[in-house]
Amino acid sequence: MKPHETLPYTDLPEYSDAERIARSQAFYEAIKTRRTCRYFSDEAIPRAVIENAILAAGTAPNGANHQPWHFAVIQSPEKKKALRAAAEEEERAFYQSKGSEEWLEALAPLGTDADKPFLETAPYLIVIFGQRKGGMNPGEMKQNYYVNESVGIATGMLITALHDAGLATLTHTPNPMKFLNRLCDRPNNEKPMMVLVVGKPAADATIPVHATIKKPLDATSSWL
Ligand code: IYR
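Residues numbered from 1 in each chain as written. Predicted model: local features only at pLDDT ≥ 70, side-chain atom pairs only at ≥ 80, totals over all residues. Heavy atoms only, no water.

*Asks:* Explanation requested: the overall build of the protein chain in the structure shown.
*Replies:* When its secondary structure is counted, the protein chain shows eight helices and six strands. Taken from the N to the C terminus, the helices and strands of the protein chain come in the order α-α-β-α-α-α-β-β-β-α-β-α-β-α. When its C-alpha atoms are laid out on the principal axes, the protein chain stretches across 55 × 45 × 40 Å. Across the 224 residues that make up the protein chain, the buried fraction comes to 33%. The long-range fraction of contacts in the protein chain, counting pairs at least 24 apart against all pairs at least 6 apart in sequence, stands at 79%. Element-wise, carbon and sulfur atoms account for 56% of the exposed surface of the protein chain, whose accessible area totals about 14500 Å². In the protein chain, 25 side chains carry a positive charge and 27 a negative one; their mean positions are 4 Å apart. (Helix = DSSP H or I, 4+ residues; strand = E, 2+ residues; numbered from the N terminus. Buried < 20%, exposed > 50% of the residue type's maximum accessible area, 1.4 Å probe, protein only. Contact = heavy atoms within 4.5 Å. Areas by Shrake-Rupley, 256 points an atom, 1.4 Å probe, with all protein chains shown as cover. Lys, Arg positive; Asp, Glu negative; His and termini not counted. Charge placed at Lys NZ, Arg CZ, Asp CG, Glu CD.)

*Asks:* Even after reading the chapter, I still don't get the sheet that holds strand 2 (residues 124-131), so can you show me in this structure?
*Replies:* Pairing between the strands of a sheet comes from backbone hydrogen bonds, and it takes one of two forms, parallel or antiparallel. Strand order in the open sheet made by the four strands is 1-2-6-5, with antiparallel pairing throughout. Strands at the two margins of the open sheet, each flanked by one partner only, are strand 1 (69-74) and strand 5 (168-172). Taken over all neighbouring pairs, the strand axes of this sheet differ in orientation by 25° on average, direction set aside. As judged from the five bridges shared by strand 5 and strand 6 (residues 190-199), these two strands associate in the antiparallel manner. Counterpart to Thr171 in the pairing with strand 6 is Leu196. (Pairing = 2+ DSSP bridges. Axes fitted to C-alpha atoms, helices over the stretch in contact; angles between N-to-C directions.)

*Asks:* Before we go on, may I ask you to explain the pairing of strand 2 in this structure?
*Replies:* Put simply, side chains in a regular strand alternate between the two faces of the sheet. For strand 2, a buried count of eight out of eight residues is recorded, marking the element as mostly surrounded by other parts of the structure. What you see with strand 2 is no split at all: Tyr124, Ile126, Ile128 and Gly130 on one side and Leu125, Val127, Phe129 and Gln131 on the other are buried throughout. Alignment of strand 1 against strand 2, held across six bridges, turns out to be antiparallel. Residue pairing for strand 2: Phe71 is matched across the bridge by Ile128. Summarising the sheet, strand 2 and strand 6 pair through eight bridges and their orientation is antiparallel. Its bridge partner being in strand 6, Ile128 is matched across the sheet by Met194.

*Asks:* Is there a simple way to think about unusual backbone geometry in this case?
*Replies:* Among all residues save glycine, negative phi is the norm, and among peptide bonds the norm is trans. With an omega of 0°, the peptide bond between Asn175 and Pro176 qualifies as cis. With a phi close to 55°, Asn65 is a non-glycine residue in the positive phi region. Take Asn65: it is sitting in the loop between helix 2 (47-57) and strand 1. Asn65 sits in the partly exposed class, given a relative accessible area of 38%. Of note in this structure, Gln67 is not a glycine but carries a positive phi near 50°.

*Asks:* How should I be thinking about the site of the ligand in this particular structure?
*Replies:* Near the ligand you find Glu91, Phe94, Tyr95, Trp103, Leu107, Asp113, Lys116, His172 and Thr173, and these make up its full shell. The side chain of Lys116 places a nitrogen or oxygen atom 2.5 Å from an oxygen atom of the ligand. Here His172 contributes a side-chain N or O atom positioned 3.3 Å from an oxygen atom of the ligand. Protein coverage of the free-state accessible area of the ligand, which is 380 Å², stands at 69%. At the level of secondary structure, the elements contributing two or more residues to the shell around the ligand comprise helix 3 (77-98) and helix 4 (101-107). Partitioning the shell around the ligand into residue classes produces four nonpolar, two polar and three charged. (Near = heavy atom within 4 Å. Polar contact = N/O pair within 3.5 Å; in protein donor to acceptor, adjacent residues only side chain to side chain. Nonpolar A, V, L, I, M, F, W, Y, C, P; charged D, E, K, R; others polar.)

Laid out in structure tokens, this is it:
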């Protein structure tokens with residue numbers, strides 16, 4: 001191995017096997033209550049919660065530790081309105097003609113359509129960008145690596161952190177998304193990957209039964 005600066009890795013707590021089993025089970029019980037939410041309350045959420053969740057997401061494993069992500073947090077009503085208008089325009093084209101019959105059929109049990117009022121109701125819309133170039137330090141323009149993988153993992157951790165704080169999320173993927181660069185004032189070498197809608201569920205929020213059916217372990221894993 002090439003010489004490089006190191007630190008001892010001593011941060012992980014020592015658990016017994018029984019503790020590990022209990023903790024992994026408890027985590028599963030907690031995370032399985034996560035639901036994708038399409039009905040949000042307009043109740044305000046402290047900015048510190050979002051900041052901490054973004055810091056948690058920023059600990060994700062990623063290519064060469066370049067941390068190739070940017071989280072644009074939209075809170076202004078004007079920006080939300082503009083995002084909603086642009087997203088709904090794309091969605092109308094998708095639901096009316098662009099989406100294949102097979103795709104629309106796959107979405108039918110979720111009950112989604114082109115109307116996205118939650119984009120204005122929810123307190124925060126986090127627009128997640130992947131940075132094709134950047135490196136570790138401000139102002140650098142180095143090549144980044146595994147951007148999709150890195151941003152995907154970070155987004156999963158962001159969702160998990162927000163769920164742990166008792167917040168609901170919706171991963172929204174308007175298609176195409178290029179309008180998000182201008183809306184969020186981000187450079188063209190950044191690729192908008194997702195809009196994460198964040199807030200409390202509305203009092204009368206519902207979830208589609210279809211989304212609650214999860215594949216069993218023997219369908220999603222094999223042991224060799
Ligand atoms: N982007 C659209 C369509 C959509 C696509 C998939 I795949 C979903 O799991 C859900 C929705 C929309 O937001 O309605």
